[in-house]
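So you can see what is in the structure, the chains are spelled out below.
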Amino acid sequence: MDQESSILLDENGQGGGQRRESPGGKQRTYALVLGLTTFVIGLLTGVFVGTRNTDGFVSSFRGEIEETAVTLISTTALETGEGRAALVLDELSPEEIRAVSAKVVERLSAASSSKNQKNKNQPYLVGVNAVEWETPRKAEVLAFLDGETKEVPKRYARATVARPETADVMVFRVGPISGTRKAPSVGEEFEALYGDGEIPIAKMPPDICDESLSELIAATMEGLRPVLEPVFPRMIPFFEDTYKPEEVGTVFGFPIFPDLKSTPESRVMMVKFFWIRDGKAFNNGMWMHPTPLVFQTNHTMVKGGEEGPFVSAIYWCGRGPFGTVQDVLDAKIDCEWEVPAASDGSSEAWDTPIERGAVEEKKKVKGKKKRTFSVSAPEGTNGRYVKWKGWEFFVTQRLSTGMSVWDIRFRGKRIVYELSLQESAAIYGGGQGDQTYYLDTAMTGMGQITGIVRPGVDCPEDAVTFWNSAWVYGEFPRGFFGDPMEAFSRESGCIFELDTGTALWSHVDQSRKGKTMGISRKSLIVRAISNSGNYDYIASAIFDIDGSLHFEMRLAGMAETRWIHQKVNAWEADFSTLIHSHLAAPMHTHYINVKVDLDIGQPDKNGIHVMRSLSGYPQAAKEAGALEPLEPLASKYIVEDIVKKEGPGNSTVVPDPHRPAVWRVISMDQKTADQRTALCKEESSWSCYPGYALVASETVRNTLPDDHPLSKMIGFAKYTMAFTKQHDDEQRSSTPFDTYAPQNRTGGISVDVYLEDGESLEGADVVAWATLAHEHIPRSEDAPLISNYPVRLSVLPWNYFPRHAAMEP
Ligand SMILES: [Cu+2]
């Protein structure tokens, strides 16, 4: 260990003492006056007036946990010692994000967010990953990690900027970033990574902080007043003279939903309207109360920004699309929407979550429990270097894609270079005009709107926590806010050893008084929590002492819903299950994509070995007469294969229950097969080559046609696993530029594209893209909040150790 010292953390308990910051002031009173500049249409005078401590938004629930858990290590020590992954693989600190933002603002005379544009032509930093760490080249990182060089690879950021004047989006490489995480300095390199106009502005990443539609929505609501007022009497904040939220609640719109009508020239967004009785139900119980009102707004951001947004379609009470407000008025639709029951904000409400029967959050840990793992970090670093029972790795949270675990080694040997969450996509069924879909990495980021972990609820009370940088936050009902110039840290992850209450291995002694022999399964868990608005994602990397590891995602949240009425839109029942009165929950699929860059032995001498279980009459056994006298009865048998090259059908896996198979990443370099040489030296079977297998839990492939726009957006979801050759420019499985107009894929960022070039995978650096899917056919128990349910990928030693690794001395 090159730990220089063990230093107490600051009072906030953060490694290196980063300050927990809130983007706002100390105390902010917000009387929610009706206004058009706010994100949310419903600004509920009276109901939502209140005072809150905005610092409280990012404050922690951690309580009195032993704060010496994280050992602070100096960067000098790291340059030569273990844990040096923290120097080269850590995400940007809040200070670095602010410094890079300042550089972009200065160089381009840009605004740091859409909210502070001085005029509509001013360029601005856009999206939840507007300023993000750039992953360095793998070869350089390995040379540094493996001590071949003391030169730390240069640190860069990527900045995404919307440029209304040229009607495009640009990504710049900015840096290098030097200095410390707390006091960084940003170099003068400023390189455009795309051509001018290559990414049209209509395809810019979603911007949930954007308020530019407010006036348009207000005007449209005013126009629709003759039809809305009778159905939603006293519920609409825009109609100030009649609005009485305390009597019948509020109807408000949420302008964030991308629509499939978008093209590279026009950006179409849905504004969906919900009802809530009580302000506490905002972005909560509201999902149980959809109303039959949806607009489509066309945000045609043409050159020069001359054209403003306009409403392109209106759906009202199961009818539409109507091209204009007048068309809706002329249609004279008799709408039978009724004020929903409940949602009175009381503890009996069916539509808002109640912590009934909950295990209470425990803030105090009595006595000191001896930890079996160590956690360290250089000053100012959010990520953590962890060691536990033979395992060591570095974990961070990426703004866009969430948890990444790097340089995972077991007993000194690297097994995985990168294990990272890549995407959480959700594709819903629905009629045109109200069909939602999400790339959550683009909408909210998987490491941007994260939850602050609650010891005693999200993780055990004595867990050690880690942090992520972020700048976007919700202040409901006003909406989402955020500015990378005001980036802060959130305590969104935790590390702990868990006694799983079961055996890792065991065996029954069959004697009369016999018990079992075996060992308990105590796993090391690294967990991080992300939120995408209505949904929550709890990612865990799980390590076991038999050399196996697992990536598990637990999904939960508020179900997305639509209003249904037998006389109006009975057809909705073809897309949805009915989970409450007039409440349809559309069926949908969640696709969690995970990148596993396995390195078995020498990284660029890996390959893919497949073992298929078949049923029939293997030729050699037949010829040798080994099948006598059972013929013609078939037998189970195995066929081994080495994958020659990339490509759909070659290096892709869609499990078939009729033909089970194990897919392994193996070392094809004989010299690294030392552990198994003795067993295998006389055999030539590929099963003798050391490797790790990838095994997915629930397997659902994308069921939409392959040429559907959404199938292009989530190319990875055609397969449970796809293997490709590692390339430094193939970092991610999806891109925020494809949320809008996914039929016109941008920038070549797609597993589909990575598979296309048919490169050899024999003796190559192999990367696996695994899709953990969940087909969600909603049930009544999904109201008001879904129980967390898991999907999982196991990474298992398969002919890697000469015997059960947990039994090795
Ligand atoms: Cu779901």
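Computed from a predicted structure; not experimentally measured. (Residues numbered from 1 in each chain as written. Predicted model: local features only at pLDDT ≥ 70, side-chain atom pairs only at ≥ 80, totals over all residues. Heavy atoms only, no water.)

Caption draft 1: Region of interest: the overall build of the protein chain. A count of helical and extended segments in the protein chain gives 14 helices and 39 strands. Among the 809 residues that make up the protein chain, the fraction classed as buried is 59%. About 31,800 Å² of surface is accessible on the protein chain, with carbon and sulfur atoms providing 51% of the total. (Helix = DSSP H or I, 4+ residues; strand = E, 2+ residues; numbered from the N terminus. Buried < 20%, exposed > 50% of the residue type's maximum accessible area, 1.4 Å probe, protein only. Areas by Shrake-Rupley, 256 points an atom, 1.4 Å probe, with all protein chains shown as cover.)

Caption draft 2: Examining the state of the cysteines more closely. Enumeration over the complete set of coordinates arrives at 2 disulfides. Bridging C317 to C335, the disulfide has an S-S length of 2.0 Å. The disulfide joining C317 to C335 has a torsion of about 80° about its S-S bond and is therefore right-handed. Here C335 lies in the loop between α8 (325-331) and β15 (373-378) and C317 lies in the loop between β13 (310-316) and β14 (319-322), a separation of 18 residues in the sequence. Here C459 connects covalently by a disulfide to C494, the sulfurs 2.3 Å from one another. (Disulfide = S-S within 2.5 Å.)

Caption draft 3: Region of the structure containing the sheet that holds strand β30 (residues 583-586). Ordered by their spatial adjacency, 3 strands build an open sheet running β28-β30-β29, and the pairing between neighbours is antiparallel. Of all the strands in the sheet, the pair left with one neighbour each is β28 (562-563) and β29 (576-580). Sheet analysis places β28 next to β30, joined by 2 bridges and oriented antiparallel. Along β30, the bridge assignment pairs R562 with A584. (Pairing = 2+ DSSP bridges.)

Caption draft 4: Up close: helix α5 (residues 214-223). Here α5 has its buried residues at S214, L216, I217, A218, T220 and M221. Among the structural elements, α6 (225-231), β10 (250-258), β11 (268-276), β12 (290-298), β13 and α8 are those in contact with the buried residues of α5. (Contact = heavy atoms within 4.5 Å.)

Caption draft 5: Quick look at the coordination of the copper ion. Looking at the copper ion, one finds its protein donor set to be Y535 (OH), H588 (NE2), H590 (NE2) and H776 (ND1), positioned 2.0 to 2.1 Å from the metal centre. Because the angles between the 4 donor atoms bound to the copper ion fall within 94 to 142°, the donor set is best described as irregular. (Donors = N, O, S within 2.8 Å, 3.2 Å for Na, K, Ca; no water. Tetrahedral: all angles 85-135°; square planar, octahedral: opposite > 155°, others 65-115°.)

Caption draft 6: Up close: the side chain of K595. Its location among the elements puts K595 in strand β31 (residues 588-598). Taking relative accessible area as the criterion, K595 reaches 4% and is therefore assigned buried. A distance of 3.0 Å separates a polar atom in the side chain of K595 from a polar atom in the side chain of E418. Among the polar contacts listed, one links the side chain of K595 to the backbone oxygen of Q731, at a separation of 3.1 Å. (Polar contact = N/O pair within 3.5 Å; in protein donor to acceptor, adjacent residues only side chain to side chain.)

Caption draft 7: Quick peek at the nonpolar core. Core analysis: the biggest nonpolar cluster contains 158 residues, and L89, L419, F543, M553, L598 and F723 have the highest contact counts within it. Broken down by element, the residue count for this core peaks at 9 residues, all from strand β19 (residues 413-428). The residue makeup of this core includes at least three contributed by each of domain 1 (214-331) and domain 2 (425-502 + 519-807). Excluding residues within four positions of it along the chain, L419 makes contact with M403, S404, V405, I408, A541, L549, F551, V594, K595 and V596. Grouped together as the second largest cluster of nonpolar side chains are 34 residues, V231, F238, V248 and F295 included. (Core = buried A, V, L, I, M, F, W, Y, C linked by side-chain atoms within 4.5 Å. Domains from an automatic or database assignment.)

Caption draft 8: The packing of aromatic side chains, seen in detail. This structure, assessed with the given rule, holds 27 aromatic pairs. Ring pairs connect the aromatic residues F252, F254, F257, F274, W287, Y428 and Y438, which therefore count as one cluster. Looking at K115, its charged tip hangs above the ring of F481, at a distance of 4.3 Å from the centre. The ring of F257 has K272 sitting right over it, with the charged end atom 5.2 Å from the ring centre. (Phe/Tyr/Trp six-rings, centres within 6.5 Å; stacked < 30°, edge-to-face > 60°. Lys NZ or Arg CZ within 6 Å of the ring centre and 35° of its normal.)

Caption draft 9: The arrangement of the environment of K120 in detail. The residue K120 is located in the loop between α3 (94-108) and β4 (124-125) in this model. Given the relative accessible area of 53%, K120 is considered exposed. For K120 and E165, which are 45 residues apart along the polypeptide, the C-alpha to C-alpha distance reads 8.6 Å.

Caption draft 10: View of the pairing of strand β21 (residues 464-470). For β21, a buried count of 7 out of 7 residues is recorded, marking the element as mostly surrounded by other parts of the structure. Because side chains alternate across β21, one face comprises the buried residues V464, F466, N468 and A470, and the other comprises T465, W467 and S469, equally buried. By the bridge criterion, 6 bridges tie β21 to strand β24 (residues 488-508) in an arrangement that is antiparallel. Along β24, the bridge assignment pairs F466 with G493.

Caption draft 11: Local environment of the UniProt feature "modified residue: 2',4',5'-topaquinone" (unreviewed entry) in the protein chain. The feature "modified residue: 2',4',5'-topaquinone" (unreviewed entry), as given by UniProt, occupies Y535 in the numbering adopted here. Filtering out sequence-adjacent residues up to four positions away, Y535 remains in contact with Y428, S530, L555, A556, G557, M558, H588, H590, H776, I786 and Y789. Of the polar contacts made by the side chain of Y535, one reaches the side chain of H590; its length is 3.2 Å. (UniProt positions renumbered as here; feature names shortened; annotations may be inferred.)

Caption draft 12: Molecular detail of the environment of G447. Position of G447 relative to the elements: it lies in the loop between α9 (440-443) and β21. A C-alpha to C-alpha distance of 8.4 Å links G447 and N531, two positions 84 residues apart in sequence.

Caption draft 13: Examining unusual backbone geometry more closely. Looking along the chain, the bond that leaves G320 and enters P321 is cis, with omega of 5°. Of note, the bond from A783 into P784 is cis; its omega dihedral lies within 30 degrees of zero at -5°. Looking at where P784 falls in the secondary structure, it is placed in the loop between β38 (766-776) and β39 (786-797). Notably, H582 is not glycine yet its phi reads approximately 55°, a positive angle. Mapped onto the elements of the fold, H582 is located in the loop between β29 and β30. The partly exposed category is assigned to H582, whose relative accessible area is 36%.

Caption draft 14: Looking closely at the sheet that holds strand β32 (residues 606-616). Spatial ordering of the open sheet is given by β21-β24-β25-β26-β27-β39-β36-β35-β32-β33, a layout of 10 strands whose pairing is antiparallel. Where the open sheet ends on each side, the last strands, each with one partner, are β21 and β33 (635-642). In this sheet, neighbouring strand axes are inclined to one another by 25° on average, regardless of whether the strands run parallel or antiparallel. Here strand β25 (residues 516-531) runs beside strand β26 (residues 535-543); their pairing, made up of 8 bridges, is antiparallel. Residue pairing across strands places R527 opposite S540, the latter belonging to β26. (Axes fitted to C-alpha atoms, helices over the stretch in contact; angles between N-to-C directions.)

Caption draft 15: Highlighting the pattern of salt bridges. Scanning the entire structure with this criterion turns up 40 salt bridges. In this structure, D241 engages R225 in a salt bridge whose closest nitrogen and oxygen atoms are separated by 3.0 Å. Placement of the pair is D241 in the loop between α6 and α7 (245-248) and R225 in helix α6, with a sequence separation of 16 residues. Taken together, the shared-partner salt bridges in this structure form one network comprising K272, D434, E560, R562 and E572. (Salt bridge = Lys/Arg side-chain N within 4 Å of Asp/Glu carboxyl O.)

Caption draft 16: Region of interest: α3. The end-to-end C-alpha distance of α3, which contains 15 residues, comes to 21 Å, matching closely the 21 Å that a straight helix rising 1.5 Å per residue would cover. Burial in α3 covers these residues: P94, E95, E96, I97, V100, S101, K103 and V104. Just downstream of α3 lies S109, where phi reads positive at about 50°. (Expected span 1.5 Å × (residues − 1).)

Caption draft 17: Layout of the side chain of S576. Residue position: S576 is located in strand β29. A distance of 2.7 Å separates the side chain of S576 from the side chain of E572, its partner in a polar contact. Ignoring sequence-local partners within four residues, the contact set of S576 consists of R562, A584, A585, P586 and M587.

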